[in-house]
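Results of the structural survey
Next come the chains, spelled out residue by residue.
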Amino acid sequence: MLLQLNHIYKWVKQGGKRVFLLNDISLQVKEGEFISIMGPSGSGKSTLLNVIGMLDEFQEGEYDFLDESVHTLKEKHRSKLYKEYIGFVFQAYHLIDELTVYENIETPLLYKNIKSAERKALVADMLDRFNIVGKKDLFPAQLSGGQQQLVGIARALIAKPKLILADEPTGNLNSKQGEEIMRLFKELNQEGVTIIQATHSESNAEYGNRIINLLDGSKVKA
Amino acid sequence: MLRNYIKIAFRNLWKDKTFTLLNLLGLSTAFAVAVLLGMYAFFELSYDGFHKNKASLYQVYSTEQAPEGIEASEPKSVPFAPALRDEVPGVAKITRYNNKGVLVISGNKELRMSAAYIDPDFFSMFSFPVIKGKEQQPTVDKSTVSITEYAANRIFGTEDALGKTISVITEGVEQLFTVSAIIEDFPDQSSMKFDLALDFSNQAPFSYAEIKDDWSKENHEVYVQLEQGVTAAQFEKGTEPFTQLHYKDEMAAAKRDGAQPDTNGNFKQIRLLPFKDVSYANFDSGIARVEKTMPYLILGVGFLILFIACVNFINMSIAKSSQRLREIGMRKTLGAGTGQLFFQFWGESVLIFLGAALLGGLLAFLLAEPFKTLFSTRASFEAIFTFKIITGFVLGFMLITFIAGGYPALLLSKLGTLQSLKGKLNLTRKNSVRDVLMVVQFGIAILLISGTFVLWQQIDFMRNKNLGFNKEQVISLPLNGKRSDAQVIQLLRNKLQNRSEILNVTAANNILGLGRDGSSMTSQMGFEHQGRVVETHILMVDYDYPETLDMELVAGRSFKRGYASDSLAVLINEKMAAQLHEENPLETRFILDDSLAYQVVGVLKDYNFQKLNTAVAPLTVFLKPNWNMHYAYIKVAPNKAANALALLENTWKEIEPNANFLGSFLDENIDRTFKSEKKMATMITSGSILAIILSCIGLFAISLLIVAQRQKEIGVRKVIGASVLNITVMLSKDFLKLVGISFVIAAPLGWWLAYNWLQNYANHINLTLGVFIAAGLAALIIALVTISLRTIKAAMQNPVKSLRTE
């Protein structure tokens, strides 16, 4: 078992009333799964991903990740955990504008204090694998959306995570680019990386081997 | 349109309350300080500017070519001024001026006052208006005296002083005078100050009658007013025959001793120093140098502080502009021209500047009194508020507003429409103008901090230096009473003889340091010794002088009672001994111009008998117990200082019931001599503290904006694994680099300035790198703390918040 959510509740107060962002979510994810979370805007997809990624807090419930109870962990411990095991891919890519492609991919390694020689080798592998060696000295603004997302995924993978969380990874891309990205995810999944993606698109969701439907923060039986 | 602009301006200022507040705070403090420092500096620069004839008034001095180099002398002999008037063309008016402490007696009042002995031209040359009296200008004659309003009040209280008679004792001679005029009190910026004005010939015979035709006794200053159209250079040139005639022997002696003539081939040159420069003149290097460093330095500090505040404003405005890109784009699409946009943004700046100027003015006004007390200055707004200076302030304000407010406005108004609409323009990131300005800002701060360190170190050094005499245990006491000095000293000795608090009593005719009577003098003379002219400072002392002051003898003996020949014995210091070129100085005899032969009986170890910025000069000490001593020196037992001072005061009251007791310990006297250094140190310290605070305000604001702009990046980095420390370091690094660059620029500059300043002091500290490193570190740490206030908070924030906004 990679992770397990038990009766997670998350809410915000609005005018004295609770507005539920996540309402009694329970979920089990095994290693090697490829899960698609679907639902309309505001249904809680991103919130759920953020909670799984330990970026966001929740008010009630339990969350175990690799046999550690995340809800009892201290912030410092938690960040160590996600740094080690989780990679993020965003709809808006969130590359750092001032850094080149190479530097963007390299950054997570810097934060893990990996030695220079090893960093070089890892980044070179990654560039090679995604066929973007020729673009390594370009800045994000000089790339197309699909290429930027490729870099985003490369960056998420560089630290060899067990889990990739992708929030609408193809949302800003045209259909052809989107398809390429999804195929890449499929490949990665077949290599053993667990993937959870949030998406609007039925066809993208089909790439996964399990679909979870959300509406107003609750799981909907399909 | 205008109303719309003003409305938008106010709303924008209101919306960014933090920035508006920081800007107002910084700018108004800077304005207030600049105004106060400006007031002080302009006051210091306005000395003697009130004389109507200032353009043609000069002090006469001369330079002599000596074997050691060129030397200046201000004092002139009694026959000098009349001869100059008669023999050199171009003199419209001339006056001799000798300022002396005298004792004024009226009824049972006995007052120490300062008297100016002057010639009849005096009051028509200098503008000291009469407020009571028959004439427009006071007359100067043998039997009358002109007194200031202040002195009149001291002597006669509320009674009318005009026509009354006072008795004046000068150098033991008493004379009666009728008050013929009351002069207005001097403006604070007058370098000439006195209570009474008497005819020059009324001095004691010793200072006037007996030396009427003696060209070698020089004891007063001479001022001239040149005829219209005559320049100082023309006049100086015209004095050559005069010098040839009256100083032939002196010049021949200089030539014989190996002095080099000046460029005109002369060994002595009469020179003129414009009177308005007299209070800034320094004669150390011969020809008078006008030194206004101190006031200009203060003015400079004021400008630097204003500059820092303006830099803050510019940086904040530019950094803030990214938030208004959409507004700019929108306005441009709606048809606003570059000019209109410029005026809109500039108008906002003007609003802030106006507010800051008003607040700053108010602050300066409120702080004027504490400022005057803190820096013990008489500077006031009234004293300097001339039309010119007010116009200057207003023009300066407008210029600052135009540059500091106009530059960001110009940048904003020139943006392209589409770029700004998209809000994509990264105007604020790689901003070299901002970086340069911040480097300058921190450079100034580092410069001021290291200046502060150096100043205090030097003051501390001077305070703790071993001066070669005992300054902790000895009290100096000005003999300012009616009795003769020898009599007072005898009485003091008799009354204090058996008291355990008092160890020794002696006297000398000069002070060490600066006493509570505030007067100082130097006596010098030259004589021929083995065919060369020898120059020396001279000091007249009573028995026990070296013993009372714990001075060390390197050879020979001190004066001894019972040795009749000691009345012609002298002590010399090591510098003097070196100058005599004798194998054994103790066997030296020299003959002074009164043809008496003096025998050197002892050599004193060099001690600092003058201000500490001068090196120890040659000194000859004469035993003259019955001389006009001026000061008693009393050595007290250790640990009984306070008792001893009280005892001394009581004893003094018994001996001289009507005279003030002005006794003070020598270490206080020494402290008093570097009052101006202390004042400067206080100003620079306050300036550097303010500079640091203002720089930090700017830095804080910039860090706020940078953090806001990089929020997304911070979020991304955190998500991919950056720790709080990583982020903080990343955000602070750029600023610290700037501080580093400022250090590299400011430290050598500071070193150079400090080095040059220290050259003014013969006794000075050695500059060490440590001072500058400490200053740099201080700036670095302060900058780091300031930035951390915001960056740590940003680094700890949950990244989801910043990423969600996309």
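Residues numbered from 1 in each chain as written. Chains lettered and ligands numbered in written order. Predicted model: local features only at pLDDT ≥ 70, side-chain atom pairs only at ≥ 80, totals over all residues. Heavy atoms only, no water.

Looking at an unreviewed UniProt entry, one finds chain B named ABC-type lipoprotein release transport system permease subunit and attributed to Leeuwenhoekiella marinoflava. Under the heading Subcellular location (unreviewed entry), UniProt records this for chain B: "Cell membrane". (UniProt positions renumbered as here; feature names shortened; annotations may be inferred.)

An unreviewed UniProt entry lists chain A under the name ABC-type lipoprotein export system ATPase subunit, with Leeuwenhoekiella marinoflava as the source organism.

Moving on, we come to the pattern of salt bridges. Residue and element names in this part refer to chain B. Taken as a whole and judged by the stated rule, the model has 35 salt bridges over all chains. A salt bridge links Arg463 to Asp671, with the nearest nitrogen and oxygen atoms 3.4 Å apart. Of this pair, Arg463 sits in helix 15 (residues 432-464) while Asp671 is found in helix 20 (residues 666-673), placing the two residues 208 residues apart along the sequence. Judged by its relative accessible area of 31%, Arg463 is partly exposed. Of the charged contacts, one joins Asp734 and Lys737 as a salt bridge, the two residues approaching to 3.9 Å between their closest N and O atoms. Placement of the pair is Asp734 and Lys737 together in helix 23 (residues 724-758), with a separation of three residues, close to one helical turn. Accessibility expressed as a relative area gives 33% for Asp734, which makes it partly exposed. Residue class for Lys737 comes out exposed when judged on its relative accessible area of 52%. Among the charged side chains, a salt-bridge network with shared partners connects Arg710, Glu713, Arg717, Asp734 and Lys737. (Salt bridge = Lys/Arg side-chain N within 4 Å of Asp/Glu carboxyl O. Helix = DSSP H or I, 4+ residues; strand = E, 2+ residues; numbered from the N terminus. Buried < 20%, exposed > 50% of the residue type's maximum accessible area, 1.4 Å probe, protein only.)

Residue and element names in this part refer to chain B. According to UniProt, the feature "transmembrane region" (unreviewed entry) maps to residues 21-43, 296-320, 341-367, 387-412, 433-456, 689-708, 735-755 and 767-789 in the numbering used here. For residues 296-320, the helix share is 100%, the strand share is 0%, and the end-to-end C-alpha distance is 35 Å. End C-alpha atoms of residues 341-367 are separated by 39 Å, and the span's content is 100% helix alongside 0% strand.

The subject of this paragraph is the domain arrangement of chain B. Residue and element names in this part refer to chain B. Along its sequence, chain B is carved into domain 1 (91-225), domain 2 (447-465 + 675-806) and domain 3 (481-661). Spacing between the C-alpha centres of domain 1 and domain 3 amounts to 31 Å. Taken over both partners, the interface formed by domain 1 and domain 3 buries close to 520 Å², and the fraction arising from carbon and sulfur atoms is 43%. Where domain 1 meets domain 3, there are zero salt bridges. At the boundary of domain 1 with domain 3, the tally comes to one residue pair in polar contact (both at pLDDT 80 or more). (Domains from an automatic or database assignment. Buried area = accessible area lost by both parts, 1.4 Å probe. Polar contact = N/O pair within 3.5 Å; in protein donor to acceptor, adjacent residues only side chain to side chain.)

All names here are of chain B. By the element assignment, Gly556 lies in strand 19 (residues 553-556). In sequence terms Gly556 and Val601 are 45 residues apart; their C-alpha atoms lie 5.6 Å from each other. With residues near it in sequence (within four places) discarded, Gly556 still touches Leu586, Val601 and Gly602. (Contact = heavy atoms within 4.5 Å.)

This part covers helix 5 (residues 149-156) of chain B. Buried within helix 5 of chain B are the following residues: B:Ala151, B:Ala152, B:Ile155 and B:Phe156. Seen from one end, helix 5 of chain B has its buried residues packed into an arc of 105°, which puts them on one side. (Arc of directions from axis to C-beta.)

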